Structures are given as structure tokens and as C-alpha cells.
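Here is how the chains run, residue by residue.
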Amino acid sequence: MVPHIIVLAAGASTRLGQPKQLAPIGGRPALHIVIANAVAVAGHNVMVVIGAHARDITPLLSRTSASWVVNREWEEGMASSIRAGLAALPPACEAAMILLGDQVAVTSGDLKRLIDAWKTQESSIAASVYDGRFGVPAIFPYVYFTELAQLRGDQGARSVLERNRDTLVRVPMPNAAIDLDTPEQLAELTARFTT
């Protein structure tokens, strides 16, 4: 079984000064890179949550095999996008991976390693580990969906990971630490993808 992947891409990108989802990296929009990696491991089971720049991002999504949902409460923060993504999953979904729309350095190989590790203990959460902590991408079995749906504000899934830290399947993933929040980080990523 391959989990559905929820790509969180609803934020306003205030620190970057432009929609980071559409920032060009190696000749492609950042979000397109993330979606392509997700589709490579999950096929059509990819759901993208958009919000702040929905009108600008929709044309990009129409050129992918991913589905999407608009989070009209995106200003609340990441928790609202997690809730929107979960609500849009098919009823039979048994597990979901949460992936950030700006995690462009995370490769399809990274995602496959996470899935393979999770398959050894499908009743547990599998989380990536980077910068000495765990975070997303992470795979949550259905039993954790209620806990995720109770998140509020600009709180991501890390609090759920913390509460379940003793049973986590941990997968080292240095690429998950690479952010796309500032013009400097965009320049670094652009250089990385063009060399």
C-alpha cells in the first residue's frame, strides 16, 4: 500500500516576497518539482492544498496528475491546510503523508525511503529526521487523522509527532531541512538545481 500524499502549499510566502510555490528553480516552478516527486511515488494519490495564491497556482496544477483543494481558511495557518487536505482524502484512505510545498530538495528517492520504512510498521507514524529533530515529510496512519484534524493555528504536525515520539519510525532525511523562505534560500536552491 502507498499512502496518499498531502502537499501543503496554501501559504502567502510573505518572507520571500513572491509566491514561493511559483518561484522558478532550475527552470521549473518550485511546487511543480515537489508535485513531480510526490507523483513519482504515489501516482494519482497526491492532493495539493492551495490557498493564498490559488488563482495563480491553479494553471500549474492543471498540468499535473495531482488533485487539489482550496483552503479558504489559509490565513489561520498550517493547521487549517492539514484539515483541508485530510477532508479531501477518499474515505478508504488508510494513511497519508504530509509534505510541504516548498520542500523542493526532498527527492522522490527520499519519499520512497520514508514509505519503505513505514511499511515495516504500518500502524506507526514514520517521520523524517533532520537538524536533530523529526518533522515532515511524515506518514500518518488513519488512526492519527483525528489528532491531526484537531490542530489549530499555525501549528503543523510536529506536535502530533512529539506526542508519539516513542513509537515513531525515524528516517534520516537531510534534504528536508532545506527551506525556501527567503531570497537567499531561493538563490541557493537555484544554484543547486542548475549545477
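Owing to the predicted nature of the structure, the values given are computational and were not obtained by experimental measurement.

Colleague: Please provide a residue-by-residue account of the overall build of the protein chain, values included.
Modeller: Helix and strand counts for the protein chain stand at seven helices and nine strands. Taking the principal axes of the C-alpha coordinates as reference, the protein chain spans close to 40 × 35 × 30 Å. Considering the protein chain as a whole, with its 195 residues, one finds that 52% of them fall into the buried category. Accessible surface computed for the protein chain: about 8900 Å², of which carbon and sulfur atoms make up 51%. Charge-centre separation for the protein chain: the mean point of 17 positive side chains lies 3 Å from the mean point of 18 negative side chains.

Colleague: An account of the sheet that holds strand β4 (residues 46–50) is requested, with residue identities and associated values reported.
Modeller: The strand order across the open sheet built from seven strands is β5-β4-β1-β6-β8-β7-β9, with neighbouring strands paired in mixed fashion. For this open sheet the edge positions go to β5 (67–70) and β9 (169–172), each flanked by a neighbour on one side alone. The mean angle between the axes of side-by-side strands here comes to 25°, regardless of whether they run parallel or antiparallel. Inspection of the sheet shows strand β7 (residues 126–130) paired to strand β8 (residues 133–141) by five bridges, in the antiparallel sense. Note that in β8 the partner of A127 across the bridge is A138. Across the sheet, helix α3 (residues 78–87) lies against β1 (4–9), β4, β5 and β6 (95–100), angled at about 145° from β1, the strand it touches most. The sheet strands contacting helix α4 (residues 108–119) are β6, β7, β8 and β9, and the helix crosses β8 at an angle near 60°.

Colleague: Explain the confidence of the model for the protein chain to me, and be specific about the residues and the numbers.
Modeller: On average, residues of the protein chain carry a pLDDT of 94, and 99% of them reach 70 or more. When the elements of the protein chain are averaged for pLDDT, helix α7 (residues 183–194) gives the smallest value, 87, and β6 the largest, 98.

Colleague: Outline the packing of helix α1 (residues 30–42) against helix α2 (residues 54–61), supporting the account with residue identities and numerical values.
Modeller: Between α1 and α2, the shortest axis-to-axis distance is 11 Å and the interhelical angle comes to 45°. By the angle between their axes, α1 is oblique relative to α2. As α1 runs across α2, the sense of the crossing is right-handed. Of the residues in α2, those touching α1 at L31, H32 and I35 are I57, L60 and L61. Classifying every residue of the contact of α1 with α2 gives five nonpolar, one polar and no charged.

Colleague: So what's going on with α3? Which residues, and what values?
Modeller: With eight of its 10 residues buried, α3 lies for the most part within the structure. Of all the residues in α3, the buried ones are A79, S80, S81, I82, R83, A84, G85 and L86. Taken together, the buried residues of α3 touch β1, β4, β5, β6 and α5 (145–149).

Colleague: Any chance you could break down the environment of D56 for me, citing the residues and the numbers?
Modeller: Structurally, D56 can be placed in helix α2. Classification of D56 as partly exposed rests on a relative accessible area of 46%. C-alpha of D56 to C-alpha of F145: the two residues are 89 residues apart in sequence and 30 Å apart in space.

What counts as what
Residues numbered from 1 in each chain as written. Predicted model: local features only at pLDDT ≥ 70, side-chain atom pairs only at ≥ 80, totals over all residues. Heavy atoms only, no water. Helix = DSSP H or I, 4+ residues; strand = E, 2+ residues; numbered from the N terminus. Buried < 20%, exposed > 50% of the residue type's maximum accessible area, 1.4 Å probe, protein only. Areas by Shrake-Rupley, 256 points an atom, 1.4 Å probe, with all protein chains shown as cover. Lys, Arg positive; Asp, Glu negative; His and termini not counted. Charge placed at Lys NZ, Arg CZ, Asp CG, Glu CD. Pairing = 2+ DSSP bridges. Axes fitted to C-alpha atoms, helices over the stretch in contact; angles between N-to-C directions. Contact = heavy atoms within 4.5 Å. pLDDT = per-residue confidence, 0-100. Parallel < 35°, antiparallel > 145°, perpendicular 65-115°, else oblique. Left-handed = near helix turned anticlockwise from the far one by under 90°. Nonpolar A, V, L, I, M, F, W, Y, C, P; charged D, E, K, R; others polar.

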